[in-house]
Amino acid sequence: AVGRRPLLLAGALGSSAALGALATAISAGSLAATIAALAAFMLVYAVSLAPIFFVLLSELFSDDAKPLAAGLATALTFAAGALVDSFFLSLVDAIGHSGALGLLAAVCLVGGAAVLWMLPETKGKSLLEVQRLMAPRRAPPAQPLRQSAGASDEEEEAAEEDENEETRRMLV
């Protein structure tokens, strides 16, 4: 099975390529190429970007925050889609089919870059591991200087348990 990150990257790049092909086909006036490019976009989107969004939503938030956070993220996604739908024809009037589809293709590339640089792979990881990967990075608390060269095993275990407890608190 393919991981989430590669699917999102393939979806972003494939959607961008399909939108670019669609812009070219419309400009060339080729009905067959237009239908093929539109079908390619729909296929790529349906097997990558559309379903993985919901998979990631289920992994990003703690059980306590999940209902509200996932609902808000879904609402924001649908609102953004409605905004694109509302302005697309005006955008086509302003910059033409090729320009509008080229702009959407560029947005897909930016999304792919965001996935590449900001989203770790979550496949095969537990929910707690995923949430640790996604948690905001904070500077570790300052540790007092120790006089001895090394800490005892018990001190290291206690410090690790304190760190684990702090991570649990951050995730809830």
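Rules behind the numbers
- Residues numbered from 1 in each chain as written.
- Predicted model: local features only at pLDDT ≥ 70, side-chain atom pairs only at ≥ 80, totals over all residues.
- Heavy atoms only, no water.
- Helix = DSSP H or I, 4+ residues; strand = E, 2+ residues; numbered from the N terminus.
- Buried < 20%, exposed > 50% of the residue type's maximum accessible area, 1.4 Å probe, protein only.
- Contact = heavy atoms within 4.5 Å.
- Areas by Shrake-Rupley, 256 points an atom, 1.4 Å probe, with all protein chains shown as cover.

*Asks:* Would you take a moment to explain the overall build of the chain for this structure?
*Replies:* Of regular secondary structure, the chain possesses six helices and zero strands. Element order for the chain, N to C, with α for helix and β for strand: α-α-α-α-α-α. Considering the chain as a whole, with its 172 residues, one finds that 22% of them fall into the buried category. For the chain, restricting intrachain contacts to residue pairs at least 6 apart in sequence, the fraction spanning at least 24 positions comes to 70%. Looking at the chain as shown, the accessible area adds up to about 11400 Å², and 67% of this sits on carbon and sulfur atoms.

*Asks:* Before we go on, may I ask you to explain the environment of S62 in this structure?
*Replies:* By the element assignment, S62 lies in the loop between α3 (49–60) and α4 (66–118). For S62, a relative accessible area of 11% puts it in the buried group. Separated by 66 residues in the primary sequence, S62 and L128 place their C-alpha atoms 8.5 Å from one another.

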